[in-house]
Every structure is written in C-alpha cells, then in structure tokens.
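# Coordinates in review
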Amino acid sequence: MYGLTTCPHCKKVLEFLKKSGVKFKVVWLDEIKGEERKKAIEEVHKLSGSYSVPVVVRGERWVLGYNPQKLKELIS
C-alpha cells in the first residue's frame, strides 16, 4: 500500500487490510525522502495513472482509494 500518514482514506485502507489478515507492506510517501520518495511517487503514477493515494497493489492489479468491495476482490 502506498499512502500518506495524514490521509484519512489511507488509514481506512490500513485498518481494512489489518482486519483482513493478509500480509502487506506500507510505503508512507511522506516519511521517505529524496530519490527514494521520487521513485515511489513515480511508481504510484505508473500503476494508477494518478498521484492520488491510497493505492493498494497485488501483483499486476491495484485499487485506488478506499473501496471495500474492490479491496476484497483484490485480496481474494
């Protein structure tokens, strides 16, 4: 999951993922700096065509925003 620590939708997605019991990694874009941050933001844009967060990625599939139905489909 890519997100921002200040993003309410990111927090909802984080809680959803925790409750689902799946393994996941979070990249907080506002907690990384320099080239690493630039690369992470470019990856978000490459995946979703947007600079918006949260973006949850699994393999080649992804979900932008907090959408419980699409998130369930993604992790199933």
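Refer to the structure presented above.
Since the model is a prediction, treat every value here as computed from it, not as a measurement. (Residues numbered from 1 in each chain as written. Predicted model: local features only at pLDDT ≥ 70, side-chain atom pairs only at ≥ 80, totals over all residues. Heavy atoms only, no water.)

### Things to note about the pattern of salt bridges
What the rule picks out here adds up to two salt bridges. Among the salt bridges present, the one from K18 reaches E15, with a minimum N-O distance of 3.9 Å. Note that K18 and E15 are positioned in helix 1 (residues 8-20) at a spacing of three residues, about one turn of the helix. Looking at E15, the relative accessible area reads 39%, which means it is partly exposed. One salt bridge in this structure joins K46 and E43, with 3.7 Å as the shortest N-O distance. With a gap of three residues between them, K46 and E43 both fall in helix 2 (residues 34-48), about one helical turn apart. (Salt bridge = Lys/Arg side-chain N within 4 Å of Asp/Glu carboxyl O. Helix = DSSP H or I, 4+ residues; strand = E, 2+ residues; numbered from the N terminus. Buried < 20%, exposed > 50% of the residue type's maximum accessible area, 1.4 Å probe, protein only.)

### A short note on the nonpolar core
One finds M1, L29 and V56 to be the most contacted residues of the largest nonpolar core, which totals 20 residues. Secondary-structure elements contributing two or more residues to this core are helix 1, strand 2 (27-28), helix 2, strand 3 (55-58) and helix 3 (68-75). Top element by residues in this core is helix 1. It accounts for five residues. Here M1 is in contact with C10, V13, L14, L17, K25, V26, V27, W28, V55 and V56, once residues within four sequence places are set aside. (Core = buried A, V, L, I, M, F, W, Y, C linked by side-chain atoms within 4.5 Å. Contact = heavy atoms within 4.5 Å.)

### So, the pairing of strand 4 (residues 61-64)
Looking at chain direction, strand 3 and strand 4 are connected through four bridges and run antiparallel. Residue pairing in the sheet places V55 in a bridge with L64 of strand 4. Remark: two residues form the turn of the hairpin made by strand 3 and strand 4, two consecutive strands paired antiparallel; G59 in that turn has positive phi of roughly 65°. (Pairing = 2+ DSSP bridges.)

### A few points about a nonpolar patch on the surface
Where nonpolar side chains cluster on the molecular surface, the patch consists of V57, W62 and L64 and spans about 220 Å² of accessible area. Looking at where W62 falls in the secondary structure, it is placed in strand 4. Its relative accessible area of 34% is what places W62 among the partly exposed residues. (Patch = residues over 30% accessible without salt bridge, like charges linked within 9 Å, V, L, I, M, F, W, Y side chains within 5 Å. Areas by Shrake-Rupley, 256 points an atom, 1.4 Å probe, with all protein chains shown as cover.)

### Considering the packing of helix 1 against helix 3
A pair of packed helices can be characterised by two numbers: the angle between their axes and the separation between those axes. Relative orientation of the contacting elements helix 1 and helix 3 amounts to 40°, with a least axis distance of 11 Å. By the criterion of interaxial angle, the relationship of helix 1 to helix 3 is oblique. For helix 1 against helix 3, the interelement crossing comes out right-handed. On helix 3, the residues that touch V13, F16, L17 and S20 of helix 1 are P68, L71, K72 and I75. Here the residues of the contact of helix 1 with helix 3 sort into six nonpolar, one polar and one charged. (Axes fitted to C-alpha atoms, helices over the stretch in contact; angles between N-to-C directions. Parallel < 35°, antiparallel > 145°, perpendicular 65-115°, else oblique. Left-handed = near helix turned anticlockwise from the far one by under 90°. Nonpolar A, V, L, I, M, F, W, Y, C, P; charged D, E, K, R; others polar.)

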